[in-house]
Protein chains: 2
Amino acid sequence: MKKKILISDIAKDLGISVTTVSFILNGKAKEKRISEGLTKRVLEHVKKVGYKPNELAKSLRTGKTKIIGLVIEDIANPFFANIARFIEAKAYSRGYRIIYCSTDNETEKTVELIQLFRDRHVDGYIITPSEGITDTVQSLLSSQLPVVLFDRYIPDLDTNYVVSDNVKGAYDATAHLAQQGCKRIALVTLYSSQTQMRDRMDGYMRAIDTYKLQPYVKKVNLGDDEQTAINDFHSFLEDQHPDAVFFATNYLAITGLKAIKQHHMPMPAVASYDDHTLFKLFSPTITAVSQPIEAIADELINILLNQLDGKEKGLKQVVLPSELVIRESSMRG
Amino acid sequence: MKKKILISDIAKDLGISVTTVSFILNGKAKEKRISEGLTKRVLEHVKKVGYKPNELAKSLRTGKTKIIGLVIEDIANPFFANIARFIEAKAYSRGYRIIYCSTDNETEKTVELIQLFRDRHVDGYIITPSEGITDTVQSLLSSQLPVVLFDRYIPDLDTNYVVSDNVKGAYDATAHLAQQGCKRIALVTLYSSQTQMRDRMDGYMRAIDTYKLQPYVKKVNLGDDEQTAINDFHSFLEDQHPDAVFFATNYLAITGLKAIKQHHMPMPAVASYDDHTLFKLFSPTITAVSQPIEAIADELINILLNQLDGKEKGLKQVVLPSELVIRESSMRG
DNA sequence: TGGGCATGCTAAGGCGTTTAAGCACTTTCA
DNA sequence: TGAAAGTGCTTAAACGCCTTAGCATGCCCA
């Protein structure tokens, strides 16, 4: 096993100073007026011996790690996984790496993870904020660290964020169910005051108003195990017998469908916020509000990297449209 | 915004040397015979002022980053996402972080990613090897870097790995279909010589032998876009009209089901390698060979961390049993 | 003829830690 | 009583890179 090559080895090999090599490797040859001939010689030699700078030393010195911290609710949720996938690819192509962790939407874990990323000196943060992390995020902002939130934001805080138009998405889905002639349209959502949930509720209520219907709302605990949630939802169905259900997230929809199947209940009209690859495979296929995943990832990474490059100082708050994908589950007649 | 506290600040505050503080913070107080009184004083003061060591400097000096590189085929695939989730949690609780990237099973990308992790000095590697990376992995081994492969392994290389019992899993699924009276059982797999695919084919063939049936094998390109794959599979069905299909991975099963649905074909008996949360929601529910995801993650992280702690030097090659979960899709009568 | 300026490069300090080696003093023990 | 061993710390050198400040040379122009 050959020993690791250092920048000083390169300098020695070529009989020049470390400084010169460093300038050249960092693209400052022109600026520092290193002659073209030498520049070429250095570059060639570096390639020949396969020298790679030690990123740790570099980071220690420059304070930059070229790493982005991705703090996400749950990487096993297809919505987040797909976002992560796009972010990863885009960051990669611009020379940044991703380091990620899942928070399960737990405050304490989120705070801890952000601190951890801070300890690692990540250059920027992409976060799905859980509740109660206002101070933590504020402290990032105070330290001038670039932050972009997504999926939801923190109302008290002036941060960059990228979300989808939750109000309109929920309105469209609910209105569509109403137009299909459903009278008892239920909303299944979480115990949560996060903005995306609040806005989906809002959209649902507006549609209920438009069509002069009665609201039926079922709230579920995120932390509950699946069977508890299934039973819980089942008793709601028994109790209120809605003829349509709008689920505020895809995993709520999945749990709901399991409950219906497991208890052999008649299938109400159904729609879900967030699409899922398999929704078009169900019988019936499931109507969903589909978020523009790639566009979201695009915006996130652009905002963050532009900020890192110093190209952009102002606040960016982006709301992207969601699209209602109508499938069998919501159709009547 | 207050300036970052350094270890030297702690030393200055307390009128002692940096070395002493460092020893204490690294749990070497006893070993280095620092008095208990001083130890306590330092610890208290550190907590009071909220000092956190700079991990970069630490890593530069020690050569350890406490980061594990996770090189995975596709984080958006639920099988991998769930493994990642468990690994993340387990690593976390033992003081390690995860940095991950998806390879799409492309050789070049995989090689590049591993090099990247190397540049970042990750302490260990967990890899789903794509084809053609033998040399790259060999070079990690030569450098004494801890590596564990999973889902598949590299036959030419003596490495640690954790896989499921693909032969038996595939055999069981195929045999089960045969026992249900199916006569024309097809295998849908990938153009791939990776071990997991080879073994699943092997298991399928053994069951075909046992029951004296004819094999019908359809191979698909991993890279094809969905519609191409759907059409491709559709013409196979038209051509061979199998009465049962065993899909070698969950995404093949999903594509296959989409083809059947889209072309309104009669549903053959179906089974899939790899389970999926939603398979129990389909109509019919889908029979699957379920890999022990948590056990796999457990083994992976244990092998790696024990190696990092120097507790274990020998080779660990683990084969875990898969379980056939029988659901409606494969039942007759 | 000498001050100013452009050119092409280098010396050395610093980023924030860890750690080998050592120092001054006390105790032990033959 | 003096050498060895123990005690409780400290000094200073890494780790591998970036970057400020500056040096030597040659040329221009007044």
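Since the structure is predicted, the reported quantities are computational estimates derived from the model, not experimental observations.

A.B. asks: Describe the sheet that holds strand β7 (residues 216–220) of chain A, with residues and values.
C.D. replies: Pairing between the strands of a sheet comes from backbone hydrogen bonds, and it takes one of two forms, parallel or antiparallel. All names here are of chain A. Taking strand neighbours across the sheet as the criterion, the six strands line up as β7-β6-β8-β9-β10-β12 in an open arrangement whose pairing is mixed. Single-partner strands in this sheet number two, and they are β7 and β12 (323–325). Taken pair by pair, the neighbouring strands of this sheet meet at an average axis angle of 20°, ignoring direction. Relative to β12, strand β10 (residues 287–290) runs antiparallel, the two sharing three bridges.

A.B. asks: Residue-level account of the relation of the copies chain A and chain B, with values.
C.D. replies: Superposing chain A onto chain B takes a rotation of 180° combined with a translation of 0.1 Å along the rotation axis, leaving an RMSD of 0.1 Å. What we have between these two chains is a two-fold relation. Scanning chain A for the C-alpha nearest the rotation axis identifies A:I99, at a separation of 2.3 Å. Residue by residue, 96% of the interface of chain A is reproduced at the interface of chain B, so both copies engage with the same surface.

A.B. asks: Give me the protein's contact with DNA strand C: which residues, what numbers.
C.D. replies: Taken together, 28 residues lie near DNA strand C, and A:T20, A:S35, A:R61, B:S22 and B:R61 sit nearest. Between a base nitrogen of DNA strand C and a side-chain N or O atom of A:T19, the distance comes to 2.9 Å. Counting residues per element, the ones that place at least two in the surface near DNA strand C are α2 (18–25) and α4 (55–62) of chain A together with α2 (18–25) and α4 (55–62) of chain B. Of the residues in the surface near DNA strand C, the class split is twelve nonpolar, nine polar and seven charged.

A.B. asks: Residue-level account of the state of the cysteines, with values.
C.D. replies: Tallied over the full model, the rule gives zero disulfides over all chains. Cysteine B:C101 remains unbridged, with the sulfur of A:C101 as its closest cysteine sulfur at 14 Å.

A.B. asks: Any chance you could break down the nonpolar core for me, citing the residues and the numbers?
C.D. replies: Core analysis: the biggest nonpolar cluster contains 90 residues, and A:F233, A:F246, B:F233 and B:F246 have the highest contact counts within it. In contact with B:F246, not counting residues within four places along its chain, are B:A170, B:A173, B:T174, B:L177, B:A186, B:L187, B:V188, B:A271, B:S272, B:Y273 and B:V289. Of all hydrophobic cores here, the second largest spans 54 residues; its members include A:I126, A:L300, B:I83 and B:I296.

A.B. asks: Explain α4(A) to me, using residue names and the numbers behind them.
C.D. replies: With a side-chain oxygen positioned 2.7 Å from the backbone nitrogen of A:L56, the residue opening α4(A) is A:N54. Of the residues flanking the end of α4(A), it is A:G63, one or two places downstream, whose phi is positive at about 80°.

A.B. asks: For the interface of chain A and chain B, give the residues involved together with the corresponding values.
C.D. replies: Taken residue by residue, the interface counts 53 residues in chain A and 51 residues in chain B. Interface of chain A and chain B: buried area, both sides summed, is about 5,000 Å²; carbon and sulfur atoms make up 62% of it. Here chain A is connected to chain B by six salt bridges. Here chain A is connected to chain B by twelve residue pairs in polar contact (both at pLDDT 80 or more). Contributions of two or more residues to the side of chain A that touches chain B are made by α4, β1 (67–72), α5 (78–93), β2 (97–102), α6 (107–119) and α11 (250–262) of chain A. A per-class count over the side of chain A that touches chain B returns 22 nonpolar, 13 polar and 18 charged.

A.B. asks: Please provide a residue-by-residue account of the protein's contact with DNA strand D, values included.
C.D. replies: What surrounds DNA strand D is a group of 27 residues, the closest being A:Y51, A:R61, B:T19, B:T20 and B:R61. Take the atoms of DNA strand D that sit within 4 Å of the protein: sugar and phosphate atoms are 56% of them. A distance of 2.8 Å is found between a phosphate oxygen of DNA strand D and a backbone nitrogen or oxygen belonging to A:I7. Looking at the surface near DNA strand D, the elements with two or more residues in it are α2 and α4 of chain A together with α2 and α4 of chain B. By residue number, the principal contributor to the surface near DNA strand D is α4(A), which donates four residues. Taken together, the residues of the surface near DNA strand D break down into eleven nonpolar, nine polar and seven charged.

How each quantity is defined
Residues numbered from 1 in each chain as written. Chains lettered and ligands numbered in written order. Predicted model: local features only at pLDDT ≥ 70, side-chain atom pairs only at ≥ 80, totals over all residues. Heavy atoms only, no water. Pairing = 2+ DSSP bridges. Helix = DSSP H or I, 4+ residues; strand = E, 2+ residues; numbered from the N terminus. Axes fitted to C-alpha atoms, helices over the stretch in contact; angles between N-to-C directions. Least-squares fit on C-alpha atoms with pLDDT ≥ 70 in both. Contact = heavy atoms within 4.5 Å. Near = heavy atom within 4 Å. Polar contact = N/O pair within 3.5 Å; in protein donor to acceptor, adjacent residues only side chain to side chain. Nonpolar A, V, L, I, M, F, W, Y, C, P; charged D, E, K, R; others polar. Disulfide = S-S within 2.5 Å. Core = buried A, V, L, I, M, F, W, Y, C linked by side-chain atoms within 4.5 Å. Buried < 20%, exposed > 50% of the residue type's maximum accessible area, 1.4 Å probe, protein only. Buried area = accessible area lost by both parts, 1.4 Å probe. Salt bridge = Lys/Arg side-chain N within 4 Å of Asp/Glu carboxyl O.

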